Amino acid sequence: MQLVRGLHNLRPQHRGCVATIGNFDGVHRGHQAILARLRERAAELALPSCVVIFEPQPREFFGPDTAPARLTRLRDKLALLAAEGVDRVLCLSFNPRLRELSAAEFVQKVLIEGLDVRHLEVGDDFRFGCDRVGDFAFLEQAGERHGFTVEAAATVELDGLRVSSTGVREALAAGDFALAEHLLGRPFQIAGRVLHGQKLGRQLDAPTANVQLKRKRVPLTGVYLVSTEVDGQPWPGVANIGVRPSVAGDGSAHLEVHLLDFAGDLYGRRLTVAFHHKLREEQRFASLEALKTAIAADIAAARAHWQGQPLK
Ligand SMILES: Cc1cc2nc3c(=O)[nH]c(=O)nc-3n(C[C@H](O)[C@H](O)[C@H](O)COP(=O)(O)O)c2cc1C
Ligand SMILES: Nc1ncnc2c1ncn2[C@@H]1O[C@H](COP(=O)(O)OP(=O)(O)O)[C@@H](O)[C@H]1O
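Keep in mind that what you see is a predicted model, and the values were worked out from it rather than measured. (Residues numbered from 1 in each chain as written. Chains lettered and ligands numbered in written order. Predicted model: local features only at pLDDT ≥ 70, side-chain atom pairs only at ≥ 80, totals over all residues. Heavy atoms only, no water.)

(A) Spotlight on the sheet that holds strand β14 (residues 270-280). The six strands are arranged β9-β10-β13-β12-β11-β14 in a closed barrel whose pairing can be described as antiparallel. Sheet twist, expressed as the mean angle between neighbouring strand axes with direction ignored, is 45°. For strand β11 (residues 222-230) and β14, the ladder comprises five bridges, and the chain directions are antiparallel. Its bridge partner lying in β14, Leu225 is registered against His277. (Pairing = 2+ DSSP bridges. Helix = DSSP H or I, 4+ residues; strand = E, 2+ residues; numbered from the N terminus. Axes fitted to C-alpha atoms, helices over the stretch in contact; angles between N-to-C directions.)

(B) Quick peek at the site of ligand 2. Lining the immediate surroundings of ligand 2 are 19 residues, of which Gly197, Lys199, Arg202, Leu266 and Tyr267 lie closest. Gly264 is positioned such that a nitrogen or oxygen atom in its backbone is 3.2 Å from a nitrogen atom of ligand 2. Relative to its unbound accessible area of 550 Å², ligand 2 is 94% covered by the protein chains. The dominant element in the shell around ligand 2, judged by the number of residues it contributes, is strand β13 (residues 254-259), at three residues. (Near = heavy atom within 4 Å. Polar contact = N/O pair within 3.5 Å; in protein donor to acceptor, adjacent residues only side chain to side chain. Areas by Shrake-Rupley, 256 points an atom, 1.4 Å probe, with all protein chains shown as cover.)

(C) Fine view of the UniProt feature "domain: Riboflavin kinase" (unreviewed entry) in the protein. Per the UniProt record, the feature "domain: Riboflavin kinase" (unreviewed entry) sits at residues 183-307. Secondary structure within residues 183-307 divides into 17% helix and 37% strand; the distance between the first and last C-alpha atoms comes to 27 Å. (UniProt positions renumbered as here; feature names shortened; annotations may be inferred.)

(D) Local environment of the domain arrangement of the protein. By domain assignment, the protein separates into domain 1 (2-161) and domain 2 (188-306). Using C-alpha coordinates to define each centre, domain 1 is positioned 35 Å away from domain 2. Listed per partner, the contact involves 13 residues of domain 1 and 10 residues of domain 2. Both sides of the domain 1 and domain 2 interface together cover about 930 Å² of buried area, and 38% of this is carbon and sulfur. Taken together, domain 1 and domain 2 are joined by two salt bridges. Counting across the interface, domain 1 meets domain 2 through five residue pairs in polar contact (both at pLDDT 80 or more). Counted by class, the side of domain 1 that touches domain 2 contains five nonpolar, one polar and seven charged residues. (Domains from an automatic or database assignment. Contact = heavy atoms within 4.5 Å. Buried area = accessible area lost by both parts, 1.4 Å probe. Salt bridge = Lys/Arg side-chain N within 4 Å of Asp/Glu carboxyl O. Nonpolar A, V, L, I, M, F, W, Y, C, P; charged D, E, K, R; others polar.)

(E) Representation of the pattern of salt bridges. If you walk through the whole model with that rule in mind, you get 20 salt bridges. Of the charged contacts, one joins Arg215 and Glu55 as a salt bridge, the two residues approaching to 3.3 Å between their closest N and O atoms. One end of the pair, Arg215, is in the loop between β10 (209-211) and β11; the other, Glu55, is in strand β3 (residues 49-55), and 160 residues separate them in sequence. Arg215 gets classed as partly exposed once you look at its relative accessible area, which sits at 32%. For Glu55, a relative accessible area of 18% puts it in the buried group. Arg303 is the salt-bridge partner of Asp261, the closest N and O atoms lying 3.0 Å from each other. Taken together, the residues Asp261 in the loop between β13 and β14 and Arg303 in helix α9 (residues 288-306) connect sequence positions 42 residues apart. Its relative accessible area of 62% is what places Asp261 among the exposed residues. By relative accessible area, which is 35% here, Arg303 ends up partly exposed. (Buried < 20%, exposed > 50% of the residue type's maximum accessible area, 1.4 Å probe, protein only.)

(F) Structural context of the site of ligand 1. Around ligand 1 sit 22 residues, and of these Gln198, Leu200, Ser246, Arg280 and Gln283 come closest. In this structure, Gly201 approaches ligand 1 through a main-chain N or O atom, which is 3.0 Å from an oxygen atom. The contact in question runs from an oxygen atom of ligand 1 to an N or O atom on the side chain of Glu256, over 3.0 Å. Taking 620 Å² as the accessible area of ligand 1 by itself, protein coverage stands at 99%.

(G) Spatial organisation of the sheet that holds strand β6 (residues 149-153). Spatially, β1-β4-β3-β2-β5-β6 is the arrangement adopted by the six strands of the open sheet, whose pairing is parallel. The sheet is open, and its two edges are formed by β1 (2-5) and β6, each paired on a single side. Neighbour-to-neighbour, the strand axes of this sheet turn through a mean angle of 25°, independent of strand direction. Pairing of strand β5 (residues 117-123) with β6, which is carried by five bridges, proceeds in the parallel orientation. By the bridge assignment for β6, His119 is matched with Thr149.

So, in structure tokens, the structure goes:
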């Protein structure tokens, strides 16, 4: 899959494609349905498929502190899109200039001049352009003028519930991992590099791989049963994600993973942590001794849970 960053990096060979536009945060089963349709149309027309995404996502641009926490950072989103068979991603910076483009200008600059789109696949609630005035009817009219077809992918519902990034966030916040996994089509995961921490973990009899989080806000906090892979081998563990109120810190979110019966050096490695079950909320403990006792209980609970269970 090819990544093109910014309209200015589009070349003549990128013109002529089948495209879709959106945030694709989480690349959930609703997104996957649109991407499947995109693949079909690309095959029928013998054209490459292109997904247009924004970075930051528009809501993050308008309200960095109020936008919902990301389910997938850019790197993970790109890997998931590649796995869905997308040929090309055009990643546009959502900046004041882009924000001010009218719907007609967006169509002209991005879809016509930039991509020469022959077919556009959109979600049924997709809106775009300054103040979100562009909608499906607008695109259909533009398509008639410029010679491209537009199709609105039907809403994907599972058990009567519309699949959405918001739905996944709500499931995570409620600790309903079965639902999150159902909506995503895979377990919820966070990937990142293992950084050096405060070296407190070993004093707590629970060394923890400190997985780097690139964003301040996270879609879940608490203590969880997790699994990861080390050298291709599935490995169970227990993790805390949150601000660690018992430990002096800067208030930013951390993901700390203790792997059961693991001894070794994980610094610098990239871990993908899958979340399976919530054990408890993160707590503020009065002493490190009390925190140590709580962590020992969490580890015992994780051991009891994973005993004899195949890792997912
Ligand atoms: C299973 C588990 C549960 C944890 N629960 C809490 C908690 O409730 N409150 C808290 O402040 N920190 C909690 N922590 C985080 C510890 O404070 C953290 O792992 C410790 O500070 C080690 O940090 P370091 O890797 O920077 O040395 C938990 C860690 C683990 C592994
Ligand atoms: N069972 C284990 N689970 C997680 N990390 C472990 C384990 N055993 C050893 N390690 C290593 O120890 C490091 C964590 O030790 P810790 O004292 O918590 O230090 P830090 O504060 O740097 O995270 C991990 O990054 C990893 O390299």
